[in-house]
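Structural overview
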Amino acid sequence: NATSLDLSASEKLENFRATGSSNITSIKFADGVALNTLYIPPTLNSLSLVQANLLTDLIFPENSENSLAVN
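Structure report, in brief. All values reported here derive from a predicted model rather than from experimental measurement.

Let us now look at the environment of Ser-4. Counting through the fold element by element, Ser-4 comes out in strand β1 (residues 3–7). Remark: the alpha-carbon pair of Ser-4 and Leu-44, spanning 40 residues in sequence, is separated by 9.3 Å. Aside from chain neighbours lying at most four places away, what touches Ser-4 is Thr-25 and Ser-26.

Time to look at the sheet that holds strand β5 (residues 46–48). Taken together, the 3 strands give an open sheet; going across it, the order is β1-β3-β5, and neighbouring strands pair in parallel fashion. Because the sheet does not close on itself, it has two edges, and the strands there are β1 and β5. Ignoring which end each strand starts from, the neighbouring axes of this sheet average 10° apart. Sheet topology note: the β1/strand β3 (residues 24–29) ladder contains 5 bridges and is parallel. Residue Asp-6 lies in a different strand from β3, and its bridge partner there is Lys-28.

Moving on: the nonpolar core. Of all hydrophobic cores here, the largest spans 12 residues; its members are Leu-7, Phe-16, Ala-18, Ile-24, Ile-27, Phe-29, Val-33, Leu-35, Leu-38, Ile-40, Leu-44 and Ala-52. With residues up to four places along the chain from it excluded, the contact list for Val-33 reads Ser-10, Glu-11, Leu-13, Leu-49, Val-50, Gln-51 and Ala-52.

The element β3 is extensively covered by neighbouring structure, given that 5 of its 6 residues are classed as buried. Where β3 and β5 come together, 3 bridges link them in parallel fashion. Residue pairing in the sheet places Ile-27 in a bridge with Leu-47 of β5.

Take the environment of Asn-23 next. Position of Asn-23 among the secondary structure elements: in the loop between β2 (15–17) and β3. Of the residues examined, Asn-23 reaches a relative accessible area of 43% and is grouped as partly exposed. Linking Asn-23 and Pro-41, residues 18 residues apart in sequence, is a C-alpha distance of 8.1 Å. Beyond its immediate stretch of four places on either side in the chain, Asn-23 contacts Asn-1, Ala-2, Thr-3 and Thr-43.

The subject of this paragraph is the sheet that holds β2. If you trace the 3 strands from one edge of the open sheet to the other, you get β2-β4-β6, paired in parallel fashion. Edge strands, defined here as strands with exactly one partner in the open sheet, are β2 and β6 (57–59). When the angles between neighbouring strand axes are averaged without regard to direction, this sheet yields 5°. In terms of strand pairing, strand β4 (residues 37–39) meets β6 through 3 bridges, oriented parallel. Bridge assignment links Tyr-39 to a residue of β6, and that residue is Ile-59.

Quick notes on the rules
Residues numbered from 1 in each chain as written. Predicted model: local features only at pLDDT ≥ 70, side-chain atom pairs only at ≥ 80, totals over all residues. Heavy atoms only, no water. Helix = DSSP H or I, 4+ residues; strand = E, 2+ residues; numbered from the N terminus. Contact = heavy atoms within 4.5 Å. Pairing = 2+ DSSP bridges. Axes fitted to C-alpha atoms, helices over the stretch in contact; angles between N-to-C directions. Core = buried A, V, L, I, M, F, W, Y, C linked by side-chain atoms within 4.5 Å. Buried < 20%, exposed > 50% of the residue type's maximum accessible area, 1.4 Å probe, protein only.

Pasting the structure below:
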């Protein structure tokens, strides 16, 4: 089943890795989240990521089902 994650209350989250066989389709992070590493699962089609100024590693899998716009 499709899974949505709301991590909007986790401002101090530094690493998020959705690897393997996950059914995550949507993730919402806190504005200004402290993320520095983000592994996107191939099933993701919605991502809310605002002012993640510390993000240095954003990794998209080659077999992504959808294209995400990164602004």
